[in-house]
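Analysis of the macromolecular model
Each chain is listed here by its residues.
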Amino acid sequence: MAYILAIESSCDDTSAAVINDFKIYSNVIASQSVHQKFGGVVPEWASRAHQKNIIPVVDTAIKEAGIRKEDLSAVAFTRGPGLLGSLLVGVSFAKSFATALNLPLIDVNHLEAHILAHFIKDNPDTKTPSFPFLCLLVSGGNTQIIYVKSPSDMEIIGKTIDDAAGETFDKVAKILSLPYPGGPHIDRLAKTGDINALKFAQSNMPNYDYSFSGVKTSILYTLRDKLKENPKFLEENLSDICASAQHRVVTMLLKKLEKAGKDLKIKDIAIAGGVSANSYLREKLTELGKKHNWNVFIPPFQYTTDNAAMVAVAGYFKYLNKDFATLDLTAYTR
Ligand code: KG4
């Protein structure tokens, strides 16, 4: 029995969670709407909002878990990567809180936490991947294929050399004047569109690497040419544009994942990160899983975006190994 309190503040969500042996007791998230009108996260505002939110969020997480702070066994926190000012709020709070209660501290890598979110036991029947497995980590800042040998041994075997998949969705959405973040809007509009309506270029990087900047430029130029012919092209073809762009990005993502799965003969395949909420990616990965007889792991929606429950699970693996942090460590951005 070990209650772990975890704190996540790497970007624009302040989150705190309490788990006990992979089971979630609470997972509280305070999101910041202040960034929406700027079309992206404003780092200084994000860290100020974290300062305001952190105490009530942690307090609520402990109360919702139905425990007292004296019952905790350790405090885990996201050390990086992320926005420095945002991370520092969580790191400083975790250090002070753990010191005051004389608890061990556990530093967690945010990206590893996204991957280890697959070990959250929402109910006793939840299936978890077996090591080694492959994880396609797709978010606003990262697109990587990771060979996960154990909770503490992960190798990046493929990555984007420029834009991340989520960034590509967000940039396309911006061209279409959709709100930020654009990924969920593209997903929603694409549902009624034709994936073959427009043909966009795709890159062909060696091995398991990706490049999305060419795709983005191809979409931009195609739409610019269409607008010359018809100034209302965007409004009149919004769903088709979204479906075609989403199809292009998802097809590229899965092509490399399929190659990695086949080459390494791995049967347990997972996705993680904000873009893993994409319904088309989920549908196409499920189809691919059936084709190759893979065990496919798709995270529940609430664990695709930033949350402290995943940090708690990653922290718990380290707790079991007594892999604790010292007070002199600080946040890292990359
Ligand atoms: O992991 P995440 O929450 O945080 C960052 O990396 O900052 O990922 C956010 C990204 C954004 O680019 C957002 O547009 C994208 O995930 N996203 C989606 C969907 N939901 C979120 N992209 C496509 N389809 C979705 N349903």
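Everything below is about the structure printed above this text.
Residues numbered from 1 in each chain as written. Predicted model: local features only at pLDDT ≥ 70, side-chain atom pairs only at ≥ 80, totals over all residues. Heavy atoms only, no water.

Moving on, we get to the site of the ligand. Inspection of the region around the ligand gives 17 residues, with Gly140, Asp170, Asp187, Gly274 and Asn278 positioned closest. Between serine 139 and the ligand, the recorded distance is 3.3 Å, taken from a side-chain N or O atom to an oxygen atom. A distance of 2.9 Å separates an oxygen atom of the ligand from a polar backbone atom of glycine 274. When isolated, the ligand has an accessible area of 550 Å², and the protein chains bury 84% of it. Elements represented by at least two residues in the shell around the ligand include exactly helix H4 (165-175) and helix H5 (183-190). Class assignment of the residues belonging to the shell around the ligand gives a composition of five nonpolar, ten polar and two charged. (Near = heavy atom within 4 Å. Polar contact = N/O pair within 3.5 Å; in protein donor to acceptor, adjacent residues only side chain to side chain. Areas by Shrake-Rupley, 256 points an atom, 1.4 Å probe, with all protein chains shown as cover. Helix = DSSP H or I, 4+ residues; strand = E, 2+ residues; numbered from the N terminus. Nonpolar A, V, L, I, M, F, W, Y, C, P; charged D, E, K, R; others polar.)

The next point concerns the sheet that holds strand S9 (residues 268-272). Within a sheet, neighbouring strands are paired by backbone hydrogen bonds and run either parallel or antiparallel to one another. Read across the sheet, five strands follow the order S8-S7-S6-S9-S10 without closing on themselves; strand pairing throughout is mixed. One side of each edge strand has no neighbouring strand; the edge strands of this open sheet are strand S8 (153-159) and strand S10 (295-297). Each neighbouring strand pair of the sheet contributes to a mean axis angle of 20°, computed without reference to strand direction. Judged from the three bridges that link them, S9 and S10 form a sheet pairing that is parallel. Bridging from a neighbouring strand, aspartate 268 pairs with asparagine 295 of S10. (Pairing = 2+ DSSP bridges. Axes fitted to C-alpha atoms, helices over the stretch in contact; angles between N-to-C directions.)

Now for the sheet that holds strand S4 (residues 72-80). With mixed pairing, the five strands of this open sheet are ordered in space as S3-S2-S1-S4-S5. Either end of the sheet is taken by a strand with one partner, and the two such strands are strand S3 (23-31) and strand S5 (105-109). For this sheet, the mean inter-axis angle between neighbouring strands, taken without regard to orientation, is 20°. Of the pairings in the sheet, the one linking S4 to S5 comprises five bridges and is parallel in character. Looking at S5, one finds that phenylalanine 77 is bridged to aspartate 107. Most of the contacts of helix H1 (residues 43-65) go to strand S2 (residues 13-20), to which it runs at about 25°, and overall it touches strand S1 (3-8), S2, S3 and S4. Across the sheet, helix H2 (residues 84-101) lies against S1, S4 and S5, angled at about 160° from S4, the strand it touches most. (Contact = heavy atoms within 4.5 Å.)

According to the stated counting rule, one finds 16 salt bridges in the structure shown. Across the pair glutamate 44 and arginine 48 runs a salt bridge, and its minimum N-O distance is 3.0 Å. On the criterion of helical spacing, the pair formed by glutamate 44 and arginine 48 is a turn pair, its members being four residues apart in helix H1. For glutamate 44, a relative accessible area of 43% translates into the label partly exposed. One network of salt bridges, with partners in common, ties together Asp163, Glu167, Lys171 and Lys216. (Salt bridge = Lys/Arg side-chain N within 4 Å of Asp/Glu carboxyl O. Buried < 20%, exposed > 50% of the residue type's maximum accessible area, 1.4 Å probe, protein only.)

Before going further, it helps to examine the side chain of histidine 110. Relative to the assigned elements, histidine 110 resides in helix H3 (residues 110-116). A polar side-chain atom of histidine 110 sits 3.0 Å from a polar atom in the side chain of glutamate 8. A distance of 3.1 Å separates polar atoms of two side chains, one belonging to histidine 110 and the other to aspartate 306. Every residue in contact with histidine 110, bar those within four places of it in the chain, is listed here: Glu8, Ser10, Thr78, Gly80, Pro81, Asp306 and Met310.

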